Amino acid sequence: MSKVINVEQMSSWVLNKKHSEQTYVIEEYDDGTPGFHAIKINSMEHLTCLIENLLQDGLHNKLIFRGQRNSDWKLQSSLEREIKSVKTQEQYNEIAQKHLSNFKKLARGKIREQSLLLGNLEENNEELWAIGQHLGLKTPLVDWTRSFLIALFFAFYKEETETTYRCVYRLLEELLNIDEKHKYIVNPKMDHYGRLTSQKGLFTYWGIDFHIRSLLMVVNNKTSSSLPKDTIQRKLITKYYISNELRKDILNYLEKYGITEDSIYPDLSGIINKANSDLKEIIYGSN
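A few points on the structure. Please read these numbers as outputs of a predicted model, since none were measured by experiment. (Residues numbered from 1 in each chain as written. Predicted model: local features only at pLDDT ≥ 70, side-chain atom pairs only at ≥ 80, totals over all residues. Heavy atoms only, no water.)

Before going further, it helps to spend a moment on the packing of helix α1 (residues 44-58) against helix α9 (residues 247-256). In a pair of packed helices, the angle between the axes and the distance between the axes together describe the arrangement. Packing of α1 against α9 leaves a shortest axis separation of 11 Å and a crossing angle of 40°. The orientation of α1 relative to α9 falls into the category oblique. The interaxial crossing formed by α1 with α9 has right-handed handedness. Of the residues in α9, those in contact with M44, L47, T48 and I51 of α1 are D249, I250 and Y253. (Axes fitted to C-alpha atoms, helices over the stretch in contact; angles between N-to-C directions. Helix = DSSP H or I, 4+ residues; strand = E, 2+ residues; numbered from the N terminus. Parallel < 35°, antiparallel > 145°, perpendicular 65-115°, else oblique. Left-handed = near helix turned anticlockwise from the far one by under 90°. Contact = heavy atoms within 4.5 Å.)

This part is about the packing of aromatic side chains. Counted under the stated rule, the structure contains 11 aromatic pairs. Their ring planes at 80° and their centres at 6.1 Å tell us that F154 and Y157 sit as a pair that is edge-to-face. You can call Y157 buried: its relative accessible area is 14%. Their ring planes at 45° and their centres at 5.2 Å tell us that Y253 and Y257 sit as a pair that is tilted. By relative accessible area, which is 53% here, Y257 ends up exposed. Grouping aromatic residues by their ring pairs yields a cluster made of F153, F154, Y157 and Y265. (Phe/Tyr/Trp six-rings, centres within 6.5 Å; stacked < 30°, edge-to-face > 60°. Buried < 20%, exposed > 50% of the residue type's maximum accessible area, 1.4 Å probe, protein only.)

With that settled, consider the nonpolar core. L47, F148, L152, L176, I212, I242 and I250 are the most contacted members of the largest nonpolar core, which totals 60 residues. Per-element tally for this core: the top contributor is helix α5 (residues 148-156), with 8 residues. Dropping the residues within four chain positions of it, F148 is found in contact with L47, L50, I51, L54, F65, V168 and Y240. If you look at the next biggest cluster of nonpolar residues, it comprises 21 residues, including A96, A107, L137 and F203. (Core = buried A, V, L, I, M, F, W, Y, C linked by side-chain atoms within 4.5 Å.)

Next up on the list: the environment of V7. Inspection of the secondary structure assignment puts V7 in the segment before β1 (25-28). Relative accessible area serves as the criterion here: at 15%, V7 is assigned to the buried category. Residues V7 and V25, 18 residues apart in the sequence, show an inter-C-alpha distance of 9.0 Å. For V7, the contacting residues outside a window of four places in its chain are K40, Y165 and Y241.

As a further point, take a nonpolar patch on the surface. On the surface, L279, I282 and I283 cluster together into a nonpolar patch covering about 280 Å² of accessible area. Counting through the fold element by element, L279 comes out in helix α11 (residues 268-286). (Patch = residues over 30% accessible without salt bridge, like charges linked within 9 Å, V, L, I, M, F, W, Y side chains within 5 Å. Areas by Shrake-Rupley, 256 points an atom, 1.4 Å probe, with all protein chains shown as cover. Salt bridge = Lys/Arg side-chain N within 4 Å of Asp/Glu carboxyl O.)

Glancing now at unusual backbone geometry. Most peptide bonds are trans, and most residues other than glycine sit at a negative phi. Of note, the phi angle at N16 is positive, near 70°, even though the residue is not glycine. Assignment of secondary structure puts N16 in the segment before β1. Backbone geometry places K200, a non-glycine residue, at a positive phi of 50°. Mapping K200 onto the fold places it in the loop between α6 (195-198) and β7 (201-204).

Moving on to the state of the cysteines. As enumerated under the stated definition, the model contains 0 disulfides in all. Free of any disulfide, C167 has its nearest cysteine sulfur in C49, 20 Å distant. (Disulfide = S-S within 2.5 Å.)

The values are spatial; any link to function lies outside them.
Here's what the structure looks like:
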């Protein structure tokens, strides 16, 4: 797995400064690939200030977010991580189609919407990928949400001891709509298990990390703005490194807003996840 090597050089959030006034540093990965403009959040005071800034930003722009429990992880789908040795899109597509065909065979009689298994319509395939994504299938989809708080939940609800920082990506949705030749966003028409609605969710396809970088270059070349290029890129996508030490405080904060496992996962698995989390507190309290 690639690792970001300049975390120590990243600036921390400064109180009494707006989002646009903060100092950001571009990530550097040990494999030589560049990252995105990033900033560190090391306290709940910094985090609540960031949230307030994002709320204001969201009044003027359509934003989407993605939370990850390890800040070193790139924007990759579970299928992309699984078949990382594949170098071309053609190879990837071939494997993905065989994987989807196998899923269709295994899903006969198992999912409610059996009509989705007929033929090879792109629309039906997207719906099947979305169903599989919510049930743990490795898919070419990358989860996003329109809520920063929900992205924060996904970054922190699972325990993680091997990282100092977790992260949340902030992306201007408009960036993914500037290229009419390619489709980047997947919005399923059906919410088969209630999760898409509760999570305010949407998806992007595999390779989104590469696509975003390519689109940033297009924006840089097309724009006539007097703003520096790094300022333009930062307005389009930002990555927040959030200290792992804040996990308990963040989960308590989110619970006050009704964001818990049983609200994010409205089916039985959400109840089970919540019960397992509560069990740890029960055991701790009995000692």
